[in-house]
Amino acid sequence: MTYRAGWIHYTNVAPILDALTLPPGVTAITGVPTQMNAALLTGEVDIANISAVEFIRHADTLEALPDFSVAVLGPVYSVNLFHRGPVEGLGRIALTAQSAMSVALLEVLLRERGLSPTLERAEGEAETLLAQGFDGVLRIGDSALKEWYGVVGPFTEQTIVPEIPQTGRGITVTDLAEEWFYLTGRPFVFAVWAYRKDNPPPPALLSEMRRARRHGLGSLGEVARQHAHKLGLPADVVQHYLWNFRYHLEEADRLGLSEFAARAVPGHAPLQFGLHPSEDVLRAGS
Ligand SMILES: C=C(O[C@@H]1C=C(C(=O)O)C=C[C@H]1O)C(=O)O
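It should be emphasised that the depicted structure is a prediction, and the values quoted were computed from it without experimental measurement. Every chain is numbered independently, its residues counted from 1 as its sequence is written. The model is predicted, so local features are restricted to residues of pLDDT at least 70 and side-chain atom pairs to those at 80 or more, both for listing and for counting; the totals for chains, interfaces and linings are taken over all residues. The side-chain values count all of the structure's non-hydrogen atoms but skip hydrogen atoms and water molecules.

Student: Account for the overall build of the protein chain, naming residues and giving values.
Tutor: Each helix is a run of DSSP H or I of at least 4 residues and each strand a run of E of at least 2, with the numbering of both proceeding from the N terminus. Per the secondary structure count, the protein chain includes 13 helices and eleven strands. Since a compact globule built from 286 residues should have a radius of gyration of about 19 Å, the 19 Å found for the protein chain is in line with a globular shape. In terms of overall dimensions, the protein chain has C-alpha extents of about 55 × 45 × 30 Å along its principal axes. Each of the 286 residues in the protein chain was classed as buried or not, and the buried ones make up 53%. For the protein chain, the share of sequence-separated contacts (at least 6 apart) that also reach a separation of at least 24 residues comes to 78%. Counting only carbon and sulfur atoms, one obtains 54% of the accessible surface of the protein chain, whose full area is about 12,100 Å². In this tally Asp and Glu are treated as negative and Lys and Arg as positive; neither His nor the chain ends contributes. For charged residues, the charge sits on one atom: NZ in Lys, CZ in Arg, CG in Asp, CD in Glu. If the 23 positive side-chain charges of the protein chain are averaged to one point and the 32 negative ones to another, these points end up 3 Å apart. The globule rule is 2.2 Å times the number of residues to the power 0.38, and the radius of gyration it is compared with is taken over C-alpha atoms. Exposure categories follow from relative accessible area, calculated using a 1.4 Å probe and restricted to protein chains: below 20% of the type maximum is buried, above 50% is exposed, and the middle band is partly exposed. Pairs of residues are marked as contacts when any of their non-hydrogen atoms sit within 4.5 Å. Computed with a 1.4 Å probe, the accessible areas rest on the Shrake-Rupley method; for each residue, only the protein chains presented here act as cover.

Student: An account of the sheet that holds strand β2 (residues 26–31) is requested, with residue identities and associated values reported.
Tutor: A pair of strands is labelled paired if DSSP reports no fewer than 2 bridges between them. Reading across the sheet, the five strands line up as β2-β1-β3-β11-β4 and stay open at both edges, with mixed pairing between neighbours. What marks the edges here is a single partner per strand, and that holds for β2 and β4 (62–72). Across the sheet, the mean angle from the axis of one strand to that of its neighbour is 30 degrees, orientation sign disregarded. Across six bridges, strand β1 (residues 3–8) lies against β2 in parallel orientation. Looking across to β2, one finds that G6 is bridged to I29. Whenever a helix is involved, its axis is fitted only over the stretch in contact; in every case the axis is a line through C-alpha atoms, and angles between N-to-C directions fall within 0 to 180 degrees. Packing of helix α12 (residues 251–264) onto the sheet brings it into contact with β4 and β11 (188–196), and relative to β11 it is tilted by some 90 degrees.

Student: Break down the domain arrangement of the protein chain for me, citing the residues and quoting the values.
Tutor: Boundary definitions for the domains trace back to an automatic or database domain assignment. Looking at the assigned domains, one finds that the protein chain contains domain 1 (3–71 + 187–284) and domain 2 (79–184). The centre of domain 1, based on its C-alpha atoms, is set 24 Å off from the matching centre of domain 2. Taken together, the 27 residues of domain 1 in the interface contact 26 residues of domain 2. For the pair domain 1 and domain 2, the summed buried surface comes to about 2,400 Å²; carbon and sulfur atoms form 72% of the total. When a carboxyl oxygen of Asp or Glu lies within 4 Å of a side-chain nitrogen of Lys or Arg, that pair is called a salt bridge. There are one salt bridge connecting domain 1 and domain 2. The partner of R263 in a salt bridge is E112, and the shortest N-O contact between them spans 3.0 Å. Under this definition, polar contacts are N or O atom pairs within 3.5 Å; protein pairs additionally need one hydrogen-donor-capable and one acceptor-capable atom, and for neighbouring residues in sequence, both atoms have to be side-chain atoms. Counting the contacts that link domain 1 with domain 2 gives seven residue pairs in polar contact (both at pLDDT 80 or more). Throughout, buried area stands for the accessible area (probe radius 1.4 Å) lost by two parts on being put together, summed over both.

Student: Could you give an account of the pattern of salt bridges, naming the residues involved and the relevant values?
Tutor: A complete count under the given rule lists 15 salt bridges for this structure. Bridged by salt links that share partners, the residues E112, R186, E259 and R263 form one connected network.

Student: Which residues make up the site of the ligand, and what values go with them?
Tutor: Consider each residue's heavy atoms; a residue with any of them within 4 Å of a molecule or strand counts as near. Near the ligand there are 16 residues, and of these Y10, S51, S78, S99 and M101 occur at the shortest range. S78 is positioned with one of its side-chain polar atoms (N or O) 2.7 Å from an oxygen atom of the ligand. Relative to its unbound accessible surface of 390 Å², the ligand loses 100% to contact with the protein. Where the shell around the ligand is concerned, the elements lending two or more residues are α4 (101–112) and β11. By residue class, the composition of the shell around the ligand is ten nonpolar, six polar and no charged. Taken domain by domain, the makeup of the shell around the ligand includes at least three residues from each of domain 1 (3–71 + 187–284) and domain 2 (79–184). Residues are grouped as follows: Ala, Val, Leu, Ile, Met, Phe, Trp, Tyr, Cys and Pro are nonpolar; Asp, Glu, Lys and Arg are charged; every other residue, Gly included, is polar.

Student: Got a sec to walk through the pairing of β11? Specific residues and values, please.
Tutor: Most of β11 sits inside the fold, with nine of its nine residues counted as buried. As defined by bridge partners, strand β3 (residues 47–51) adjoins β11 across five bridges and the pair is classed as antiparallel. In the sheet register, A48 faces β11, and the bridge partner there is A194.

Student: Account for the packing of aromatic side chains, with residues named and values stated.
Tutor: The geometry of an aromatic ring pair is captured by the separation of the ring centres together with the interplanar angle, meaning the angle of the planes. Stacked, tilted and edge-to-face are the three classes assigned to paired rings of Phe, Tyr and Trp, where Trp is represented by its six-membered ring and a pair needs centres within 6.5 Å; plane angles under 30 degrees give stacked, over 60 edge-to-face, the rest tilted. Applying the stated criterion across every chain yields a total of eleven aromatic pairs. Look at W148 and Y149: their rings are 6.2 Å apart centre to centre, the planes differ by 55 degrees, and that puts the pair in the tilted class. One exposure class covers both W148 and Y149, and it is buried. An aromatic cluster is present here, built from W180, F188, F190 and F260 joined pairwise through their rings. Here R92 stacks its cationic end above the ring of F134, 4.2 Å away from the centre of that ring. We count a charge as sitting over a ring when the NZ of a lysine or the CZ of an arginine lies within 6 Å of the ring centre and within 35 degrees of the ring normal.

Student: Kindly report on the side chain of S99, identifying the contributing residues and their values.
Tutor: Checked against the element boundaries, S99 lands in the loop between β6 (92–95) and α4. Engagement of the side chain of S99 in a polar contact is seen with the side chain of S102, the distance being 2.5 Å. Residues within four places of S99 in sequence aside, it is in contact with T34, R121 and I140.

Here you go:
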């Protein structure tokens, strides 16, 4: 029987997915986070990297791989609230229908500050929507990364490490993962690789994912160069963006995930992680 994967294939997943060769009997489709969330829940796919909040909401039926994540400790650069003026004064914020996680995170951060602006779905570029009367625009993924650089750039690696500006052209960029870090001191997990509990991935897919990730992280400069070309961004900026991610769902990431779960989905079922890496290593005989 075929095992179907669904990949959110934003640039931030390139270090895992670019070198992946699907084993025999595994197929894959790609889409934006909300599409992959829905595809996993309806059974259109069997495994997907989904918005972590959807994994939490459906913890009764889903399980996640124990060692795969898209997470950061501090800024992420691609989950951004673009706004004019202070966050406290924002009346109307445009959300993107592509994302579940950033919306849930924004809600947690607004509640924390006692703010309740109007949240509406609206697609398009942040700058255009701001010109049309929105006070804030939430964007994620590659387009958010490009718009962030368009606002705060240009700069190079020399600027990236010591200090990154947050404003440009009258627009402020609030990085939601950085706000989460200020609030909790913990990593923020955007995505996990989830599957229905009764339908775990075949070991061959898992070991290939781990091989592809080792390869991707071992050649990050090359991965960054290729994607910088596609994105139209400087290679050192994309390399910094990718280098900054935490792809292994380590203990600190799980603490961040649990803290987010408690704040965003009170009363959720216990989070479950299956298929420990050592099992795979033993099966592979290495
Ligand atoms: C950090 C990001 O993470 C993604 C954001 C998601 C969301 O907002 O629902 C889901 C999966 C993540 O891979 C991003 O794409 O900018």
